[in-house]
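Commentary on secondary and tertiary structure
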Amino acid sequence: MAKISVEIPDELLADLDEHVGDDKKFVNRSDAIRASIRKTLDMLDEIDARHGRLEPDE
């Protein structure tokens, strides 16, 4: 799995951390960020599909 580095505003990181930890939605920041990326990409695919911008699966 590749590792990347990103800069995140402190306020956004604080909001993210409210959902990370024991008895919370995500085990760690990496899980939270991966889930967010997946959800965003799925949403973008849906938008592209509505506008006919997706290539058909082969």
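All of the points below concern the structure found in this document. (Residues numbered from 1 in each chain as written. Predicted model: local features only at pLDDT ≥ 70, side-chain atom pairs only at ≥ 80, totals over all residues. Heavy atoms only, no water.)

Relative to the helices and strands, Ser5 resides in the segment before helix H1 (10–17). Sequence separation between Ser5 and Glu55 is 50 residues, and the spatial gap between their C-alpha atoms is 30 Å. (Helix = DSSP H or I, 4+ residues; strand = E, 2+ residues; numbered from the N terminus.)

Our focus in this paragraph is the layout of surface pockets. Taken as a whole, the largest pocket spans an internal volume of roughly 390 Å³. Within the lining of the largest pocket, the residues separate by chemical class into seven nonpolar, two polar and three charged. (1 Å grid on protein atoms, 1.4 Å probe; cavity = no way out; pocket = protein on both sides within 12 Å on 5 of 7 lines; lining within 4 Å. Points joined across faces, edges and corners; volume = space filled by probe spheres on them. Nonpolar A, V, L, I, M, F, W, Y, C, P; charged D, E, K, R; others polar.)

What follows is about unusual backbone geometry. At Asp23, a position not held by glycine, the phi torsion is positive, near 60°. When its relative accessible area of 83% is taken as the criterion, Asp23 is described as exposed. (Buried < 20%, exposed > 50% of the residue type's maximum accessible area, 1.4 Å probe, protein only.)

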